[in-house]
Structures are given as C-alpha cells and as structure tokens.
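Understanding the architecture of this molecule
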Amino acid sequence: MVRPYTVSEGRTKPTCHFDLMTMVVATGTTPRGNLGLDHTHVLELCRTPVTVAEIAGLTRMPATVIKVLLSDLVERGVVVTRPFNLVMQGANTAPDPELLEALRDGLLKRL
C-alpha cells in the first residue's frame, strides 16, 4: 500500500480547480515528458468523459490526490475539463428511469 502523499509527491493542493463532478476527458495529445504509473492510470481512465469522483472511486485514491494528478495532466495538455453543469445543459432528455434503477440496485449491492 502506498501512502496518498507519496503518489502526489507530497502535494496536497491541486494547481487547477476541480470539484467532484468536474468532467475530465483525454485530449489524445502525447504527454510531454514521462508520466508515472499513477498519472498513466488516471489518463487511461479519461479516454472517455469521466468525473473526478468516478476516477477517485475507480482508483481507490482520495479525491484530493486525484485532483493533484489531474492538475499535472491538465498542465501537460493531455486532459481537458468541463464543469458538470455545462455538460448537462446540453442534454435535452430526462434520465432513463430503468438506468437509474439499475444504478441504484448496483450501488445497494456494494453496501
């Protein structure tokens, strides 16, 4: 097990602003310099649009650490972010009730 501050090289504050619902997606640009394993893993998760909270859950790392790693990736130009509310403004349809029920059932099974 690696301590979270080791992953973020002791940094606790991201250089970019993120909240848990910020959408992140990879740009497809080749990163400048070498990325560490954690940065590479986060970048792979961003191949499709994903929220900061989802990345934290999938990696089982604290959101603060994910925000620091994402800040590094934004500065390298390999991911871009969008506030979740701007993404949802473009949606003209209500969420599918069956999908929401399946999501709820899946979450309840994990508890």
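Since the model is a prediction, treat every value here as computed from it, not as a measurement.

Thresholds applied
- Residues numbered from 1 in each chain as written.
- Predicted model: local features only at pLDDT ≥ 70, side-chain atom pairs only at ≥ 80, totals over all residues.
- Heavy atoms only, no water.
- Patch = residues over 30% accessible without salt bridge, like charges linked within 9 Å, V, L, I, M, F, W, Y side chains within 5 Å.
- Areas by Shrake-Rupley, 256 points an atom, 1.4 Å probe, with all protein chains shown as cover.
- Salt bridge = Lys/Arg side-chain N within 4 Å of Asp/Glu carboxyl O.
- Helix = DSSP H or I, 4+ residues; strand = E, 2+ residues; numbered from the N terminus.
- pLDDT = per-residue confidence, 0-100.
- Core = buried A, V, L, I, M, F, W, Y, C linked by side-chain atoms within 4.5 Å.
- Buried < 20%, exposed > 50% of the residue type's maximum accessible area, 1.4 Å probe, protein only.
- Contact = heavy atoms within 4.5 Å.

Here we look at a nonpolar patch on the surface
- Residues Leu 100, Leu 103 and Leu 107 make up a contiguous nonpolar surface patch of roughly 290 Å² in combined accessible area.
- By the secondary structure assignment, Leu 100 is in helix H6 (residues 97-110).

Remarks on the confidence of the model for the chain
- For the chain, per-residue confidence averages 81 on the pLDDT scale, and 78% of positions sit at 70 or higher.
- Mean pLDDT in the chain bottoms out at helix H1 (residues 4-7), which sits at 56, and peaks at strand E1 (residues 23-26), which reaches 94.

Some points on the nonpolar core
- Residues Val 42, Cys 46, Ile 55, Ile 66, Leu 70, Leu 73 and Val 79 are the most contacted members of the largest nonpolar core, which totals 17 residues.
- Mapped onto this core, the elements with two or more residues apiece are helix H2 (37-45), helix H3 (52-59) and helix H4 (63-75).
- Sort the elements by how many residues they give to this core and H4 lands first, with 5 residues.
- Excluding anything up to four places from it in sequence, Cys 46 contacts Val 24, Val 25, Ala 26, Ile 55, Leu 70 and Val 79.

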